[in-house]
Amino acid sequence: MADQPIYKRVLLKLSGEALMGAKGYGIDGAVVDRIATEVVEAYRLGVEIGIVVGGGNIFRGVSVAAEGGDRTTGDHLGMLATVMNSLTIRSAIAARGVPSEVLSAVAMPTVCDTFTQRGADAAFAAKKVVVFAGGTGNPFFTTDSGAALRAAEMNCDALLKGTQVDGIYSADPKKDPTATRYETLTHQEVLSRGLAVMDAAAIALARDNRIPVIVFSIHESGSFVDVLLGRGRATIVTP
Ligand code: UDP
């Protein structure tokens, strides 16, 4: 018998930087194509997939604030950046013959539908990959929090964070050679040890709603499918 996925519905969080590839800014079409292929492979296992993508490859509100600008306006721009990334991912998935829809927390009806839980339920029922754009729709939040929020609202079995490395480390392994990797952690340990994998609001929301967080490398091909099949290299955060 073929391997069966261990989750029915998951929320995949990708940072904007994941779409940037080796470029210093923006979207690398080849990287988007590779990620879309991985999503389609996962979809073919029968898993319902929601995606939240960040906007850091284009715009971050904090960088506006750091230069003395208005944080709220900067965050609005950041949310618009997530819509750009979401539309790009959606069309790459659709180009592979899998139905996909963008639902945005920020209303822009000529571009995509606005997020509602009912609309998202209908999209999942129609077997679409649902891309949640616009983060939470509020300034002073991040798309990590948006991902935890949508995972809770949409009753996802797990929040999968695709990162640049293969799990959660005690320090940044790209900067600190003594950094060690965790196999498992609790949400509380992530918070109390100050591990910089997601912001604290996102981890707390996942903890309070008992949603496991699985951190894996989005750059290793086949890793998303492996995580859905309960194998592969990842750090698993459970209550
Ligand atoms: N943002 C926001 N509210 C949200 C989600 C995102 O204001 O709920 C803005 C914020 O300015 C943030 C930017 O959008 O810097 C991009 O999101 P994020 O930093 O989470 O992207 P990532 O780091 O995942 O690429």
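Up top is the structure these notes are about.
The text that follows walks through the structure, step by step, so that each part is easy to find. (Residues numbered from 1 in each chain as written. Predicted model: local features only at pLDDT ≥ 70, side-chain atom pairs only at ≥ 80, totals over all residues. Heavy atoms only, no water.)

**Quick notes on the layout of surface pockets**
Here's step 1: Roughly 1000 Å³ of volume is contained in the largest pocket.
Here's step 2: Around the largest pocket, the lining is made up of 45 residues, and of these Glu-17, Arg-60, Asp-144, Lys-161 and Val-197 lie nearest the centre.
Here's step 3: Within the residue set of the lining of the largest pocket, elements represented by two or more residues are helix 2 (61-66), helix 3 (71-94), helix 5 (143-153) and strand 6 (158-163).
Here's step 4: A total of five residues in the lining of the largest pocket trace back to one element, the largest contributor, which is helix 3. (1 Å grid on protein atoms, 1.4 Å probe; cavity = no way out; pocket = protein on both sides within 12 Å on 5 of 7 lines; lining within 4 Å. Points joined across faces, edges and corners; volume = space filled by probe spheres on them. Helix = DSSP H or I, 4+ residues; strand = E, 2+ residues; numbered from the N terminus.)

**Side note on helix 5**
Here's step 1: Most of helix 5 sits inside the fold, with eight of its 11 residues counted as buried.
Here's step 2: Structurally, helix 5 contributes buried residues whose contacts are with strand 1 (9-14), strand 2 (48-53), helix 3, strand 5 (129-133), strand 6 and helix 7 (200-208).
Here's step 3: By the N-cap criterion, in which a side-chain oxygen at the helix start approaches the backbone nitrogen of a residue two or three places on, helix 5 is capped by Thr-142, the distance to Asp-144 being 3.2 Å.
Here's step 4: Downstream of helix 5 by a residue or two, Asn-155 has a phi angle that is positive, lying close to 55°. (Buried < 20%, exposed > 50% of the residue type's maximum accessible area, 1.4 Å probe, protein only. Contact = heavy atoms within 4.5 Å. Polar contact = N/O pair within 3.5 Å; in protein donor to acceptor, adjacent residues only side chain to side chain.)

**Describing the environment of Val-225**
Here's step 1: As for its placement among the helices and strands, Val-225 is situated in helix 8 (residues 223-228).
Here's step 2: Along the sequence, Val-225 and Leu-45 sit 180 residues apart, while their C-alpha atoms lie 8.3 Å from each other.
Here's step 3: Dropping the residues within four chain positions of it, Val-225 is found in contact with Glu-38, Glu-41, Ala-42 and Leu-45.

**Quick notes on the sheet that holds strand 3 (residues 100-104)**
Here's step 1: Read from one edge to the other, the open sheet built from nine strands follows the order 4-3-5-2-1-6-8-9-7, with strand pairing classed as mixed. With partners counted over all chains shown, the strands left at the sheet margins are strand 4 (113-114) and strand 7 (184-186), one partner each.
Here's step 2: Where strand 3 lies against strand 5, five bridges are found, and the strand directions are parallel. The partner of Ser-100 across the bridge, within strand 5, is Val-129.
Here's step 3: Set on the sheet, helix 1 (residues 29-44) makes contact with strand 1, strand 2 and strand 5; between it and strand 2 the angle comes to about 155°.
Here's step 4: The sheet contacts of helix 5 involve strand 1, strand 2, strand 5 and strand 6, and relative to strand 1 the element is tilted by about 175°. (Pairing = 2+ DSSP bridges. Axes fitted to C-alpha atoms, helices over the stretch in contact; angles between N-to-C directions.)

**Brief notes about the site of the ligand**
Here's step 1: Around the ligand there are 20 residues in total, and Gly-16, Asp-75, Thr-136, Asn-138 and Thr-143 lie nearest to it.
Here's step 2: A distance of 3.4 Å is found between an oxygen atom of the ligand and a backbone nitrogen or oxygen belonging to Gly-78.
Here's step 3: At 3.2 Å, a backbone N or O of Phe-141 approaches a nitrogen atom of the ligand.
Here's step 4: Protein coverage of the free-state accessible area of the ligand, which is 520 Å², stands at 93%. (Near = heavy atom within 4 Å. Areas by Shrake-Rupley, 256 points an atom, 1.4 Å probe, with all protein chains shown as cover.)

**Notes on the packing of helix 5 against helix 7**
Here's step 1: Where helix 5 contacts helix 7, the axes come no closer than 8 Å and their chain directions differ by 10°. Between helix 5 and helix 7, the angle is such that the two are roughly parallel. For the pair helix 5 and helix 7, contact is made by Asp-144, Ser-145, Ala-148 and Leu-149 and by Ala-201, Ala-202, Leu-205 and Ala-206, respectively.
Here's step 2: By residue class, the composition of the contact of helix 5 with helix 7 is six nonpolar, one polar and one charged. (Parallel < 35°, antiparallel > 145°, perpendicular 65-115°, else oblique. Nonpolar A, V, L, I, M, F, W, Y, C, P; charged D, E, K, R; others polar.)

**Comments concerning the side chain of Ser-86**
Here's step 1: With respect to the helices and strands, the residue Ser-86 is situated in helix 3.
Here's step 2: Relative accessible area serves as the criterion here: at 0%, Ser-86 is assigned to the buried category.
Here's step 3: With residues near it in sequence (within four places) discarded, Ser-86 still touches Val-53, Val-102, Val-131, Phe-132 and Ala-133.

**Describing the nonpolar core**
Here's step 1: Residues Val-10, Val-39, Ile-49, Ile-51, Ile-93, Leu-160 and Phe-224 are the most contacted members of the largest nonpolar core, which totals 40 residues.
Here's step 2: Counting only elements with at least two residues in this core, the list comes to strand 1, helix 1, strand 2, helix 3, strand 5, strand 6, strand 8 (213-217) and helix 8.
Here's step 3: Considering every element that reaches this core, the biggest residue donor is helix 1, with eight residues.
Here's step 4: With near-sequence residues (within four places) excluded, Phe-224 lies in contact with Val-10, Leu-12, Glu-38, Val-39, Ala-42, Ile-49, Leu-160 and Phe-216.
Here's step 5: Membership of the second largest hydrophobic core comes to 29 residues, among which are Ala-123, Phe-132, Cys-156 and Leu-195. (Core = buried A, V, L, I, M, F, W, Y, C linked by side-chain atoms within 4.5 Å.)

Without other data, these values stay purely geometric and don't point to any function.
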